[in-house]
Amino acid sequence: MRFRAKIVDGACLNHFTRISNMIAKLAKTCTLRISPDKLNFILCDKLANGGVSMWCELEQENFFNEYQMEGVSAENNEIYLELTSENLSRALKTAQNARALKIKLTNKHFPCLTVSVELLSMSSSSRIVTHDIPIKVIPRKLWKDLQEPVVPDPDVSIYLPVLKTMKSVVEKMKNISNHLVIEANLDGELNLKIETELVCVTTHFKDLGNPPLASESTHQDRNMEHMAEVHIDIRKLLQFLAGQQVNPTKALCSLEYWSLNQ
Amino acid sequence: MAAMLKCVMSGSQVKVFGKAVQALSRISDELWLDPSKKGLALRCVNSSRSAYGCVLFSPVFFQHYQWSALVKMSENELDTTLNLKCKLGMKSILPIFRCLNSLERNIEKCKIFTRSDKCKVVIQFFYRHGIKRTHNICFQESQPLQVIFDKNVCTNTLMIQPRLLADAIVLFTSSQEEVTLAVTPLNFCLKSSNEESMDLSNAVYSEMFVGSDEFDFFQIGMDTEITFCFKELKGILTFSEATHAPISIYFDFPGKPLALSIDDMLVEANFILATLADESSRASSPQSLCLSQKRKRSDLIKKKAGKNITGQALECISRKAAPRRLYPKETLTNISALENCGSPAMKRANGDVSEVSENSVSNTEEVPGSLCLRKFSCMFFGAVSSDQQEHFNHPFDSLARASDSEEDMNNVCRKEFNGSDAKYFCII
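Residues numbered from 1 in each chain as written. Chains lettered and ligands numbered in written order. Predicted model: local features only at pLDDT ≥ 70, side-chain atom pairs only at ≥ 80, totals over all residues. Heavy atoms only, no water.

Quick look at the overall build of chain A
Reasoning step 1: For chain A, the count of helices and strands is five helices and 17 strands.
Reasoning step 2: Taking all 262 residues of chain A together, 46% fall into the buried category.
Reasoning step 3: Of the contacts made within chain A by residues no fewer than 6 positions apart, 64% connect residues no fewer than 24 positions apart.
Reasoning step 4: Carbon and sulfur atoms make up 49% of the accessible area of chain A, which totals about 14,100 Å². (Helix = DSSP H or I, 4+ residues; strand = E, 2+ residues; numbered from the N terminus. Buried < 20%, exposed > 50% of the residue type's maximum accessible area, 1.4 Å probe, protein only. Contact = heavy atoms within 4.5 Å. Areas by Shrake-Rupley, 256 points an atom, 1.4 Å probe, with all protein chains shown as cover.)

What about the pattern of salt bridges?
Reasoning step 1: In the structure shown here, the tally under the stated rule is 18 salt bridges over all chains.
Reasoning step 2: Put simply, R127(A) and E214(B) hold a salt bridge, and the shortest N to O gap is 3.0 Å. You can see R127(A) sitting in strand β9 (residues 127-134) and its partner E214(B) sitting in the loop between β15 (205-211) and β16 (217-219), one on each of two chains. Here R127(A) and E214(B) have matching classes, each one buried.
Reasoning step 3: Residue R235(A) is joined to D233(A) by a salt bridge in which the shortest nitrogen-to-oxygen separation is 3.3 Å. (Salt bridge = Lys/Arg side-chain N within 4 Å of Asp/Glu carboxyl O.)

Describing the environment of P246(B)
Reasoning step 1: For P246(B), the location among the structural elements is in the loop between α6 (231-243) and β18 (247-251).
Reasoning step 2: Classification of P246(B) by relative accessible area gives partly exposed; the value is 24%.

Digging into the confidence of the model for chain B
Residues and elements named next belong to chain B.
Reasoning step 1: Per-residue confidence for chain B gives a mean pLDDT of 68; residues scoring 70 or more make up 62%.
Reasoning step 2: Low pLDDT, under 50, characterises residues 281-428; the stretch is placed with 309 contacts to residues that sit more than four places away or in other chains.
Reasoning step 3: Across the interfaces of the predicted complex, the ipTM metric reaches 0.74, alongside a pTM of 0.66. (pLDDT = per-residue confidence, 0-100.)

Details of the environment of W32(B)
Residue and element names in this part refer to chain B.
Reasoning step 1: Looking at the secondary structure, you find W32 in strand β2 (residues 30-36).
Reasoning step 2: Relative accessible area serves as the criterion here: at 6%, W32 is assigned to the buried category.
Reasoning step 3: In sequence terms W32 and E141 are 109 residues apart; their C-alpha atoms lie 9.6 Å from each other.
Reasoning step 4: When residues no more than four places from it in sequence are discounted, the contact partners of W32 are A41, L42, R43, C44, V45, C86, K87, S142, Q143, P144 and L145.
Reasoning step 5: Of note is the side chain of W32, whose polar atom sits 3.1 Å from the side chain of S142. (Polar contact = N/O pair within 3.5 Å; in protein donor to acceptor, adjacent residues only side chain to side chain.)

Comments concerning the packing of aromatic side chains
Residues and elements named next belong to chain B.
Reasoning step 1: A complete count under the given rule lists 16 aromatic pairs over all chains for this structure.
Reasoning step 2: Ring geometry for F17 versus F57: centroids 5.1 Å apart, planes at 35°, classification tilted. With F17 in helix α1 (residues 11-25) and F57 in strand β4 (residues 51-57), this pair connects stretches of sequence that are 40 residues apart.
Reasoning step 3: For F17, a relative accessible area of 0% corresponds to the buried category.
Reasoning step 4: On the basis of relative accessibility, which here comes to 0%, the residue F57 falls in the buried class.
Reasoning step 5: For the ring pair F57 and F61, a centre distance of 4.8 Å and an interplane angle of 45° mean the geometry is tilted. (Phe/Tyr/Trp six-rings, centres within 6.5 Å; stacked < 30°, edge-to-face > 60°.)

Topic: the side chain of S85(A)
Reasoning step 1: Secondary-structure assignment places S85(A) in helix α2 (residues 85-93).
Reasoning step 2: When residues no more than four places from it in sequence are discounted, the contact partners of S85(A) are I23(A), A24(A), A27(A), K28(A), T29(A) and C30(A).

What to know about the side chain of S20(A)
All names here are of chain A.
Reasoning step 1: Note on placement: S20 falls in helix α1 (residues 10-26).
Reasoning step 2: Its relative accessible area of 2% is what places S20 among the buried residues.
Reasoning step 3: When residues no more than four places from it in sequence are discounted, the contact partners of S20 are L88, S89 and L92.

Some remarks on empty space enclosed by the protein
All names here are of chain B.
Reasoning step 1: Under the definition given, this model contains four cavities of 30 Å³ or more.
Reasoning step 2: Estimated volume of the largest cavity: approximately 100 Å³.
Reasoning step 3: Looking at the largest cavity, it is lined by 14 residues, and the ones nearest its centre are L165, L181, F188, L190 and I249.
Reasoning step 4: In terms of residue count, helix α4 (residues 162-169) provides more of the lining of the largest cavity than any other element does, three residues in total.
Reasoning step 5: In terms of residue class, the lining of the largest cavity is made up of 14 nonpolar, no polar and no charged. (1 Å grid on protein atoms, 1.4 Å probe; cavity = no way out; pocket = protein on both sides within 12 Å on 5 of 7 lines; lining within 4 Å. Points joined across faces, edges and corners; volume = space filled by probe spheres on them. Nonpolar A, V, L, I, M, F, W, Y, C, P; charged D, E, K, R; others polar.)

Overview of the interface of chain A and chain B
Reasoning step 1: On the chain B side, the residues contacting the 19 residues of chain A number 20 residues.
Reasoning step 2: Linking chain A with chain B are two salt bridges, by the criterion used here.
Reasoning step 3: Where the side of chain A that touches chain B is concerned, the elements lending two or more residues are α2 and β9 of chain A.
Reasoning step 4: Ranked by the residues each element gives to the side of chain A that touches chain B, the list is headed by β9(A), at eight residues.
Reasoning step 5: Pairing of β9(A) with β15(B) involves five bridges; the strand directions are antiparallel. Bridging from a neighbouring strand, V129(A) pairs with M208(B) of β15(B). (Pairing = 2+ DSSP bridges.)

Describing the packing of α1(B) against α6(B)
To describe two helices that pack against each other, one gives the angle between their axes and the distance between the axes.
Residues and elements named next belong to chain B.
Reasoning step 1: Interhelical geometry of α1 versus α6 gives an angle of 170° and a closest axis separation of 8 Å. Of the possible angle classes, the one that applies to α1 and α6 is roughly antiparallel. Residue-level contacts link V16, K19, A20, Q22 and A23 of α1 to G235, T238, F239, E241, A242 and T243 of α6.
Reasoning step 2: Grouping the constituent residues of the contact of α1 with α6 by class yields five nonpolar, four polar and two charged. (Axes fitted to C-alpha atoms, helices over the stretch in contact; angles between N-to-C directions. Parallel < 35°, antiparallel > 145°, perpendicular 65-115°, else oblique.)

Concerning the sheet that holds strand β17 (residues 224-229) of chain B
By way of backbone hydrogen bonds, the strands of a sheet pair with one another, either parallel or antiparallel.
Reasoning step 1: With respect to topology, nine strands assemble into an open sheet ordered β5(A)-β1(A)-β7(A)-β8(A)-β9(A)-β15(B)-β14(B)-β13(B)-β17(B), the strand pairing being antiparallel. Taken across any chain shown, the strands that pair with only one partner, and hence form the sheet edges, are β5 (66-70) of chain A together with β17 of chain B. Taking each pair of neighbouring strands and ignoring which way they run, the sheet shows an average axis angle of 15°.
Reasoning step 2: Sheet strands touched by α4(B): β9 of chain A together with β14 (187-192) and β15 of chain B. Its angle to β15(B), the strand with the most contacts, is close to 155°.

So, the pairing of β4(B)
Residue and element names in this part refer to chain B.
Reasoning step 1: With respect to burial, β4 is a largely interior element, seven of its seven residues being buried.
Reasoning step 2: By the alternation rule, side chains of β4 split into A51, G53, V55 and F57 and Y52, C54 and L56, which are all buried.
Reasoning step 3: Sheet topology places strand β3 (residues 39-45) next to β4; six bridges connect them, and they run antiparallel. Considered in β4, the bridge of L42 is made with V55.
Reasoning step 4: Joining the antiparallel neighbours β3 and β4 is a turn of five residues, in which R49 adopts a positive phi near 55°.
Reasoning step 5: Taken together, the seven bridges between β4 and strand β20 (residues 267-273) define a ladder with antiparallel strand orientation. Residue L56 lies in a different strand from β20, and its bridge partner there is E268.

So this is what it looks like as structure tokens:
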């Protein structure tokens, strides 16, 4: 198994760091999947416990100047590693003014992901910072649990409002109730609702826009204003919103009974 | 006339003073106020005696500085100068110097003075419009400890801008207890301590290499790798933010303490940290330790020190059994001042002595916060006579040699007690 990659572009490095910070906020441990074209951050918390499950995909050529990998075997040309997400984000934090960042798989006493940064400094010589992040290699038999989740056809899909606004609304609601109801329809309307014995608070968002429907036929007879609703644990939603470091072009919320995806 | 202190500072001076208190608070929970003709020294030592901090404010730092010591005339014409023995709890003094930026802006004057009759230190802040804030802090009578470290004999000397240290510190997490400094004549590397990262397979190992041209001064006599406690490094960085002066680092071989200094003419700060001794480079017996105190009565001390040394040395060598603090605090108050001190050295002893050290160190584990220092035994400072060079060349001629005979020890002790300056050593 081999992996070596290098980032020299400042903007790419910045973006990669922010993604790593986002992952670190969502989960303590995560899986990194390295394949010839993509890099994935995977978090798999059992949904039955109300956990958050996450799948993040990066096209390697958008980030890395150099990228070489050799998987477990020729037929299974992938590498699955488990690491503490905070270790990676902290290592990347020191790389902010770097000339170059190199990541590679090494074995120093135990398997590590070595992040090596060449920093710009005021003098002629550069500073070299190295972090060896301990990792665990995930055996092939567990790979099936870490595959891309199948997103079923949703009842309603809607573009979310500015996440910052949504986050501040949800944060205030957290103080009142643990339980949040999200309602959305195909008319670009989204409601965030909490209900307790004493009070019921609803925040309405309008004109959000909906993505084109996947399968026209099923939904043609649907009433556009009909609201689909889901009940979720507010803390999990907040955890997701708090972790958002990367400003998405569009954030999509799909509601289907029993599932909520971005 | 009692021993006393009185000084006055402006707002910006208070900020520097407050930063010094904050920096020292990272080392210890207690602080000595020690005025002398050289200025006002703030001193502290940590509970496991492996870190010592001292910030000396020269008289010209203050708007007004006045101090006095009590001089006791005695029959045999040897006067005792009893200085102010003032020890304050950090918990009492630290909250007073909070919000330093706002203090700097808002106060017109700060007055600090002592009232020995009531064992109190009074700190007064004078604001605009006649507003005055007064704090009365009771102090404990306790001889200040002084560690004397001769920077000039250190093989390796570096001078860095605080910015460099700050950049290095972010590499390590707060859970990191020890860091290792490795230098060669060409470069400098700060890295996670190997000992630690091997135990915890979950810990990230980090290192930073810096070229020698980033230093204001870079003189390395020999390739060295030393390991010391990380927390105290942050303390000196806090203080350096107040002075904008570069930080000088003096060190030698593993085991010998490391000194971090900041000197900007008005204020001189010294932080002396114990370093981990190499397994292989241990001397056969502990070098003498000297945390000195400031009384100058030679006979009295000689006798007491001699007695202490004998007792301690024997304990040192022979005991293998029950854990007990090797260096009870009480002995310190009896120890006299040291004017010149040679090369400080810290040993994690081996052989017979090591068992004792291990035991004594294990006791210090009870002290909260010293867990990380369980591998560091107490700091040893060579108390050398004027033949400094001689001592340095013969590091194994330990003044505190293991000896079965009391006589031997006394002989050794007496040899050093000559000259007008009191030169003592003791095992603490």
